[in-house]
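Residue-level structure breakdown
The primary structure of each chain is shown beneath.
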Amino acid sequence: MPGADKETDLSERIESFLSELKRCGSGAGSLRGSAETARETTALLRRITAQARWGNAGELMEIIRKEGRRMTAAQPSETTVGNMIRRVLKIIREEYARSRGSSEETDQQESLHKLLTSGGSSEDNFRQHFTHLKANVIEAINELLTELEGTTDNISMQALEHIHSNEVIMTIGRSRTVEAFLKDAARKRKFHVIVAECAPFCQGHEMATSLCKEDIETTVIPDAAIFAVMSRVNKVIIGTQTVLANGGLRAVNGTHTLALAAKHHSTPLIVCAPMFKLSPQVPDTPYNHTKLKSVDTILYIHILSKVNAHCPVFDYVPPELITLFISNIGGNAPSYIYRLMSELYHPEDHEL
Amino acid sequence: MAGKAGKQSRPRKAEKDEEEQPLQAVLVADSFNRRFFPISKDQPRALLPLANVSMIDYTLEFLTSTGVQETFVFCCWMSSKIKEHLQKSKWCRPTSPNVVHVITSDLYRSLGDVLRDVDAKALVRSDFLLVYGDVVSNIDVSQALQEHKQRRKMEKNVSVMTMIFKESPPGHKTRCEDDDIIVAMDGKSKRILHYQRAQALKKLHFPMNIFHSGSDEFEIRFDLLDCHISICSPQVAELFTDNFDYQTKNDFVRGLLVNEEILGNQIHMHVTKDGYGARVSNLLMYDTVSSDTIRRWIYPITPEANFADQEGQSCTHSRHNVYREPGVSLGHGSQMEENVLIGRNTVIGANCTISNTVIGANCVIGDNVTLDRAYIWNRVHIANDVKVKQSVICDNVEVKHGVVLNEQCVLAYNVVVGPDITLQEGTVLSMHHPDEEDDEDEDEFLSDDDVGYSKDKTKQKGSCSSYLIMCIDDDIMFPGLALNPDPESDSESEVSEGSHDLGSHPASPELDDVKVFQNEVHGTLQRGLDENISCDNLVLEINSLKYAYNISLKEVMQILIRVVLEFPFQQQGAQISTAQYSSHLLPVSLLKKWAPVFKNYVKRPQDQMDCLASMEEVFLERETHWAALVKVLMSVYQLEILEEEGIMRWFKQSSTTGKSQQLRRNQGLLKFIQWLEEAEESSEGDE
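In this report, the structure presented in the accompanying data block is examined. Not measured: the values here are computed from a predicted model. (Residues numbered from 1 in each chain as written. Chains lettered and ligands numbered in written order. Predicted model: local features only at pLDDT ≥ 70, side-chain atom pairs only at ≥ 80, totals over all residues. Heavy atoms only, no water.)

Our focus in this paragraph is the environment of M336 of chain B. All names here are of chain B. You can see M336 is positioned in strand β18 (residues 335-336). Using a relative accessible area of 14% as the deciding quantity, one classes M336 as buried. Once the C-alpha coordinates of M336 and T353 are considered, the two residues, 17 residues apart in sequence, prove to be 6.2 Å apart. Contacts of M336, omitting those with residues within four sequence positions, involve V322, R324, L330, I342 and I354. (Helix = DSSP H or I, 4+ residues; strand = E, 2+ residues; numbered from the N terminus. Buried < 20%, exposed > 50% of the residue type's maximum accessible area, 1.4 Å probe, protein only. Contact = heavy atoms within 4.5 Å.)

Rendered as structure tokens:
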């Protein structure tokens, strides 16, 4: 039975994706960038759309939600997965609405009046069957994938607007987006980059090596020297793991220190973050945003069992410390993030 | 493009399949020892919970994450339980990337049996990983695997095994005295030259030949921890079949190293600096590994990862490494200080202090309870005002009001303790009557409850296995449960005698081998004498003994000399006079008869020196018979077993101890040497 084969193939793929997520995750020290995770998630969702059995949009959304819950549970710190699931859900809603003939605009505008009159959940409306829905949804997901492919380029294209000649730029750790951003600017301008090494994983070293190869003047400093060096810096450009709904960041450990130092010296702090990093999560207790890795890297030998070793990976950076976000669709202030959020995701999908 | 990505990944996979067969693993889910007795009597060790997840799940997770696609799980003791567990687990789901086959048999008595079965059933097709069901690790073995494959490619079938070690200096927490090893290796090729368990050994012997291996880099290392993960080629299983006396991996490694020049097989090693690898081989290790898991040393295998994918096991992780599964209720004023894991639906009363503790599912814990380094399994009831320090409490135990458990106590399944009783350090309570070996204990009833217990003082040495075995004689409470030792339990015990008793006997198994070998040689010679067997046959017999007991050539000679020289003592008793001794040994009868045997073993000048050294050793022990030494030397010289240069060299050797100098000043000996010198001069003169 080819149908059954397809199903097992699909569930195998999902399982392997899940176990991969569980094992490596992403963020600091991982080999995969979140861009890759985003692409993989979307490709997997496209496969689910194509291969799973569903009759109407409601069923498809239910399937995707179910798998999505498992994927996000597999690696809660990897928000990109959840974001992509929300994007796809939004696509399904839009395509359904278009097939039904109603315009997107009216569907999107959640006016108070509409909320009052519509009564029950809008889910009931997704039960209608459309033959072209599958093809349309897959087409839209393909568009999303194309968008994901181009995010880094789109961001680095804006580099020349922000980096000027003979500026001193500080960054921390290694972000693929920032790396591309700086390299793009270096093609036209000369400037100096200071990289905070970001112990204990020291991704900063990799970053510095990579920048050097492009003939960018680079200095590596230990994390402890961030404040001391900040007075010389014109601009801080960093990447992030997630942009939270309030405009804050969950970024590699040490970023909060950097942001505070920048604030103290009134140095502008620019965050390069593609749109897929935008998450509807809000910060609750700061601790819940950290992922604790093995402490092996910080303590090479077990000392006494009395000593507790912790190795958090992420920092929460509050929005008031951030000057500007540069995403693939342009620059935005932290206060504007909520607006982007409502454009990207449907409010009903915030909780999967 | 997504399409591109999909296409890219597929050919990569296909390439992999062409190039190499899927990686296989052999998981031995039986420890073949009873260090976890009496807990292991009710539940096989592989299923004991470690941070609320069965140990075997850790091992399977490790195997799966290293890319193993097919695992054979061998179980013996309580195999049905393991099978049931695995069938329910995620490993047996159709989507699992690692196909798990369970193979059970009651006949497995050791690792050797398992591997012989692997060979008999022809299960493995290529290189495989060999692990025990209680290994907890996150080491990435892919590099070691690649090195192993490369070595196999370069020299066909020479390297049969790569053992994985973790660098951990002495004093490291995960090091356990039981597993201390000394490894001599070739620094460049990473070949193992010598492998020895160092536990309780004051003196270490290294065979000389390992220094002649022709390598300019040579390392002797004590800072390694055997992770009990080895990459084996299919030949390993064959070798176990060929050598039916190999029981453990230790036997195998030592056997291969000793017979290296004959069989031409080599063992290599891979030392890793990062990653975590340990075997939960006893309760102290259980303590260590549990606390390491909670302190996240084994990342990404952490409690909140829920890697075993069990329903309702997912827990939240918060500050100070406090993990809570769903449905935990914590009373007013109770504190979870740090490194605490609490299983689902567990209820904790008021004003408790909990630190460094794992509590299983569905437990009920009363008020004012203090738990420190306690490992509490499922469905345990603990009443008010109980104090527990560094102890293990198994399933369904009831601890009544006011009980205090001191360090290293174990309450095995279904035990009821209390109220108001203090258990001494190292108490083990079980519903099973301890087996014969613990029978000497004097039963003393400490409390007037139904629960009495007996105590075995002999084992209270500070070693790792010092968890005492005690019992409850509560046939009153649970008639028919206790007092008849289960015959099945032997499967866990068997073979392992050796390893189990290590704590009490400082002697290493090697020494025992030598002793047994000596007795065998003596028997052989005796038989040879009685039945007039030819010397060739004697040599054959001794050679076969040599292989059976893994004795080196040098040792064979030393033992042979010792046996022959002590022969008269054995026959006539130790009190015989010198004259009797020499008359018994010397006359043509003995030495001459066995001359061909000696000649077979004493060939090179070095052999002569060794031979003389061991003669000297024998005589040093028996001062009264020094006079006989000369006569022995004389006849050995005449029989052309030893040459005069050898004797002269030995004589001139600067001796270390006063006693051997004394021996050299012996009148008879001096005369003999003088005679030898003269004889030499005259023979030179003749020429």
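Next comes the rest of the account.
On to the nonpolar core. All names here are of chain B. Membership of the largest hydrophobic core comes to 67 residues, with the highest contact counts inside it found for I56 and F252. With residues up to four places along the chain from it excluded, the contact list for I56 reads L27, A29, A46, L47, V73, I82, H85, L86 and G133. Grouped together as the second largest cluster of nonpolar side chains are 53 residues, L545, V602, L620 and I673 included. (Core = buried A, V, L, I, M, F, W, Y, C linked by side-chain atoms within 4.5 Å.)

Next up on the list: the packing of helix α2 (residues 34-51) of chain A against helix α7 (residues 133-157) of chain A. Residue and element names in this part refer to chain A. Put simply, α2 and α7 touch, their axes get as near as 10 Å, and they point 170 degrees apart. Between α2 and α7, the interaxial angle falls into the category roughly antiparallel. Contacts between α2 and α7 involve A38, R39, T42, A43, R46, T49 and A50 from the first element and K134, V137, I138, I141, N142, L144, L145, L148 and E149 from the second. Considering only residue class, the contact of α2 with α7 consists of 9 nonpolar, 3 polar and 4 charged. (Axes fitted to C-alpha atoms, helices over the stretch in contact; angles between N-to-C directions. Parallel < 35°, antiparallel > 145°, perpendicular 65-115°, else oblique. Nonpolar A, V, L, I, M, F, W, Y, C, P; charged D, E, K, R; others polar.)

Residue and element names in this part refer to chain B. Note on placement: D372 falls in strand β24 (residues 370-376). Residue D372 is classed as partly exposed on the basis of its relative accessible area, which comes to 28%. For the pair D372 and Q390, spaced 18 residues apart in sequence, the C-alpha to C-alpha distance is 6.1 Å.

Using the criterion set out here, one finds 9 aromatic pairs over all chains in the structure. When the ring of Y286 of chain B is compared with that of Y375 of chain B, the centres are 5.5 Å apart and the planes differ by 80 degrees; the resulting orientation is edge-to-face. Remark: Y375 of chain B occurs in strand β24 and Y286 of chain B occurs in helix α10 (residues 283-294); sequence separation between them is 89 residues. Taking relative accessible area as the criterion, Y286 of chain B reaches 2% and is therefore assigned buried. Taking NZ or CZ as reference, R250 of chain A lies 5.8 Å from the ring centre of F314 of chain A, over its face. Lying across the ring of Y132 of chain B, R279 of chain B places its NZ or CZ 3.7 Å from the centre. (Phe/Tyr/Trp six-rings, centres within 6.5 Å; stacked < 30°, edge-to-face > 60°. Lys NZ or Arg CZ within 6 Å of the ring centre and 35° of its normal.)

The next subject is helix α12 (residues 255-264) of chain A. All names here are of chain A. The complete set of buried residues in α12 reads T255, L258, A259, A261 and A262. Taken around the axis of α12, the buried residues stretch over an arc of 165 degrees, which confines them to a single face. Buried positions along α12 lie against β1 (168-172), α11 (226-230), β4 (235-238), β6 (249-252), β7 (269-272) and β8 (314-317). Positive phi appears at S266, one or two residues downstream of α12, with a value of about 50 degrees. (Arc of directions from axis to C-beta.)

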